[in-house]
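Descriptive analysis of the structure
Here is what each chain is made of, one letter per residue.
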Amino acid sequence: MSSSKTLRKLQVVSPVPADIDIANSVEPFHISEIAKELNLSSNHYDLYGKYKAKVLLSVLDELQGSGDGYYVVVGGITPTPLGEGKSTTTVGLCQALGAFLDKKVVTCLRQPSQGPTFGIKGGAAGGGYSQVIPMDEFNLHLTGDIHAITAANNLLAAAIDTRIFHEATQSDKGLLNRLCPPNKEGKRSFANIMFRRLKMLGISKNNPDDLTPEEVKKFVRLDINPDSITWRRVMDVNDRFLRKITIGQGPEEKGMVRETGFDISVASEIMAVLALTTSLSDMRERLGKMVIGNSKAGDPIIADDLGVGGALTVLMKDAIDPTLMQTLEGTPVLVHAGPFANIAHGNSSIVADKIALKLVGPGGFVVTEAGFGADIGTEKFMNIKCRYSGLTPQCAVIVATIRALKMHGGGPEVVAGKPLDHAYLSENVTLVEAGCVNLARHISNTKAYGVNVVVAVNMFSTDTEAELNAVRNAALTAGAFDAVVCTHHAHGGKGAAEKQIEMYTRQGFSSLPICMAKTQYSFSHIPSEKGAPVGFVLPVRDVRASIGAGFIYPLVGTMSTMPGLPTRPCFFEIDVDTTTGRVLGLS
């Protein structure tokens, strides 16, 4: 790719400017140029403006017989609240492979949620001279996938409460009359989606008028137990005051009040479905199978019982296609899906990885990022994503920083928005060495999957050679294949839980993988327990099922599915230059 006109040599400035300033200093190539380098023709993608395109799933069908490239997953050690530069390392690695080592490469990343973008962490486009551009588009609406998930999720929520309302206010005959209304000739028919429920009930009749009174009752009454409903509404904003709400207070709802709440959109099961699906037909089946609660008899109620699975798929039909973007140096990026790493499996989509592996071909590289620390992102990548994709990575990268290792070694608390303690800004090899127990645990856990592990030490200006050498020695001793210092930022390149488990087992879901929903700041459930704690017991306060996505997730400790805003959110810095139209203050 060295002769490619889409590769750009960056004019590096020191000290490194703000991320948004670097991103705005570069005019992106038209996305058609990036597509051309991947041998994508115009009928393989749909343009979304000049710098983004949706790559169509039909590309997979066309390239079915071609070979795959090398598959690399990037995870990290247990992070500080500031993050350790995993996205930056992922992007920088790909820029090095593509722009300097002349390899075909595609970066596969999750789509950021607007929650952290406007909340505490800021954007997720990378940083410094290792970024995805346009940065503002990447971190905001992108191509609308999260908005589609929000709409689909809330359509299903509306369908649930509406069905409970109508069943409570109508007779069996009345329900059948409205579910299967007669046409102008007075004949009734089932909607196609209704045959899914009829089949599940063991009813093989094709005419609603042929149903016995008992069959009518079974068909029209889902008899949802309101206390069993696990489906919540979502929005892509950190709004702590929506964590618990009361609905049904309007006079029209006739006192049908119940407690529910909002999650953040990326915690929706629909997001997890998007990330784990392999085709449009597979997504349709997964969306239809999503369990929203139980009947009063204890049977699972799915989206297709409510007749909404097809409509959900329609809302999601464009979201299934990954979005093509570019790095600062002009290497291609596929952005797709963004499941909440604490709650779901925290990885970008299977389809993006599969498309990318075909596009780079044998000898090329696909580098995909796994969310948070390797105990959350990489292990879920191996146990859940690879289980459904059938893909196996050749290498796993673990990103570490001296800052985080000092924290795990007993350093002072790191708090976002507060200046770092002196211990993090001056040499302390002893603290680093003590903290390497965290890195060593991640290395051994990752090696257990049979992959080579490379440690990438994301270097900061305050890191010393002695500290970096201590990390390298600890990594090699723990069994890493290699440990590399990276400067890409500056240079580029129990009780009720047991009842839930018993119920899910009775309903036939016991073979699904377990996806622990826990804090990212410790191996345990207590964020303040740093290093590599052992002998702890994980308190499971609830167990939920993402049947459509294909996993059970126990909620450990105080893990929240709706983050809150800090006192001083990132949005204080975000504005627009009304003269140029450029976004300011994104980080």
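On a predicted model such as this, the values are computed, not experimentally measured, just so you know.

**What to know about the overall build of the protein**
Secondary structure assignment for the protein yields 20 helices and 22 strands. Relative to the globule expectation of 25 Å for 587 residues, the C-alpha radius of gyration of the protein, 25 Å, shows essentially globular dimensions. In terms of overall dimensions, the protein has a C-alpha envelope of 80 × 55 × 50 Å along the principal axes. Relative to its full complement of 587 residues, the protein shows a buried share of 56%.

**Side note on the domain arrangement of the protein**
Its domain assignment divides the protein into domain 1 (19-135 + 325-507) and domain 2 (146-316). Each of domain 1 and domain 2 has a C-alpha centre, and these two points are 36 Å apart. Per-residue buried area on domain 1 facing domain 2 is highest for Gln 114, Phe 340 and Gln 507; these three make up 22% of the total on that side. Our enumeration of links across domain 1 and domain 2 arrives at zero salt bridges. Elements with a minimum of two residues in the side of domain 1 that touches domain 2: α5 (114-118), α14 (350-360), α15 (377-389) and α20 (496-506). Partitioned by chemical class, the residues of the side of domain 1 that touches domain 2 number 14 nonpolar, twelve polar and two charged.

**A word on the pairing of strand β4 (residues 105-109)**
In terms of burial, β4 is largely enclosed, as five of its five residues are buried. Of the two faces of β4, the one lined by Val 105, Thr 107 and Leu 109 and the one lined by Val 106 and Cys 108 are each fully buried. The pairing of β4 with strand β15 (residues 365-369) spans four bridges and is classified as parallel. Bridge assignment links Val 105 to a residue of β15, and that residue is Phe 365. Sheet analysis places β4 next to strand β14 (residues 332-335), joined by three bridges and oriented parallel. Following the sheet pairing, Leu 109 is matched in β14 by Val 335.

**Thoughts on the pattern of salt bridges**
Within the structure shown, the criterion is met by 24 salt bridges. Through salt bridges that share partners, Arg 196, Arg 284, Glu 285 and Asp 304 make up one connected network.

**Some thoughts on the packing of helix α12 (residues 280-289) against helix α13 (residues 309-316)**
A pair of packed helices is captured by two measures, namely the crossing angle of their axes and the spacing between those axes. Where α12 meets α13, the axes come as close as 8 Å, and the angle between the chain directions of the two elements is 135°. Classified by the interaxial angle, the pair formed by α12 and α13 is oblique. Handedness of the α12/α13 crossing: right-handed. Contact residues: α12 offers Leu 280, Met 283, Arg 284, Leu 287 and Gly 288, while α13 offers Gly 309, Gly 310, Leu 312, Thr 313 and Met 316. Here the residues of the contact of α12 with α13 sort into five nonpolar, four polar and one charged.

**What to know about unusual backbone geometry**
A cis geometry characterises the amide bond from Ile 133 onward to Pro 134, with omega recorded as -5°. At Asn 39, a position not held by glycine, the phi torsion is positive, near 60°. As for its position among the elements, Asn 39 is in the loop between α2 (31-37) and β1 (45-47). Look at Asn 39 and you get exposed, because its relative accessible area is 62%. In this model, Ala 337 sits at a positive phi of 65°, which is unusual for a non-glycine residue. Locating Ala 337 in the fold gives a position in the loop between β14 and α14.

**Overview of the pairing of strand β3 (residues 70-76)**
Within β3, six of the seven residues are buried, which leaves it mostly tucked inside the rest of the structure. In this sheet, β15 lies alongside β3 in parallel orientation, the contact comprising five bridges. By the bridge assignment, Val 73 is partnered in β15 with Thr 368.

**Notes on the nonpolar core**
Residues Leu 156 and Met 316 are the most contacted members of the largest nonpolar core, which totals 84 residues. Taken together, domain 1 (19-135 + 325-507) and domain 2 (146-316) each give at least three residues to this core, which thus spans both. Residue contacts for Leu 156: discarding those within four places in its chain leaves Trp 231, Met 290, Ile 292, Ala 303, Leu 306, Val 308 and Leu 312. With 20 residues, the next largest nonpolar core counts Val 26, Met 325, Leu 328 and Val 333 among its residues.

**Comments concerning the side chain of Gln 326**
Examined against the element boundaries, Gln 326 turns out to sit in strand β13 (residues 323-327). A residue is classified by how much of its surface remains accessible, and Gln 326, at 0% relative accessible area, is buried. Of the polar contacts made by the side chain of Gln 326, one reaches the backbone oxygen of Phe 29; its length is 2.8 Å. Apart from residues no more than four positions distant in its own chain, Gln 326 is found in contact with Arg 8, Pro 28, Phe 29, Ile 31, Ile 34, Gln 131, Val 132, Ile 133, Thr 331 and Val 333.

**What about α14?**
Residues three or four positions apart in an α-helix share a direction because the helix packs 3.6 residues into each turn. Here α14 lies mainly inside the structure; ten of its eleven residues are buried. For α14, the complete set of buried residues consists of Ile 350, Val 351, Ala 352, Asp 353, Ile 355, Ala 356, Leu 357, Lys 358, Leu 359 and Val 360. If you check the start of α14, you find a side-chain oxygen 2.9 Å away from the backbone N of Ala 352, and it comes from Ser 349. Where α14 ends, the next residue or the one after it, Gly 361, has phi of about 70°, a positive value.

**Section: the environment of Asp 61**
Note on placement: Asp 61 falls in helix α3 (residues 58-62). Along the sequence, Asp 61 and Met 235 sit 174 residues apart, while their C-alpha atoms lie 34 Å from each other.

**Re the packing of aromatic side chains**
Within this structure, the stated rule accounts for four aromatic pairs. Measuring from ring centre to ring centre gives 5.7 Å for Tyr 71 and Phe 381, while their planes differ by 50°; the resulting arrangement is tilted. On the criterion of sequence distance, the pair formed by Tyr 71 in strand β3 and Phe 381 in helix α15 is long-range, its members being 310 residues apart. The class for Phe 381 is buried, based on a relative accessible area of 0%. Where Phe 190 meets Phe 195, the ring centres are 5.6 Å apart and the plane angle is 75°; that geometry is what we call edge-to-face.

**Examining the environment of Ile 376**
You can see Ile 376 is positioned in the loop between β15 and α15. A sequence separation of 32 residues divides Ile 376 from Ala 344, and the C-alpha atoms of the two residues are 9.2 Å apart. In contact with Ile 376, other than residues within four places in its own chain, are Ala 341, His 345, Gly 371, Lys 518, Thr 519 and Gln 520.

What counts and how
Residues numbered from 1 in each chain as written. Predicted model: local features only at pLDDT ≥ 70, side-chain atom pairs only at ≥ 80, totals over all residues. Heavy atoms only, no water. Helix = DSSP H or I, 4+ residues; strand = E, 2+ residues; numbered from the N terminus. Rg over C-alpha atoms; globule rule 2.2 N^0.38 Å. Buried < 20%, exposed > 50% of the residue type's maximum accessible area, 1.4 Å probe, protein only. Domains from an automatic or database assignment. Buried area = accessible area lost by both parts, 1.4 Å probe. Salt bridge = Lys/Arg side-chain N within 4 Å of Asp/Glu carboxyl O. Nonpolar A, V, L, I, M, F, W, Y, C, P; charged D, E, K, R; others polar. Pairing = 2+ DSSP bridges. Axes fitted to C-alpha atoms, helices over the stretch in contact; angles between N-to-C directions. Parallel < 35°, antiparallel > 145°, perpendicular 65-115°, else oblique. Left-handed = near helix turned anticlockwise from the far one by under 90°. Contact = heavy atoms within 4.5 Å. Core = buried A, V, L, I, M, F, W, Y, C linked by side-chain atoms within 4.5 Å. Polar contact = N/O pair within 3.5 Å; in protein donor to acceptor, adjacent residues only side chain to side chain. Phe/Tyr/Trp six-rings, centres within 6.5 Å; stacked < 30°, edge-to-face > 60°.

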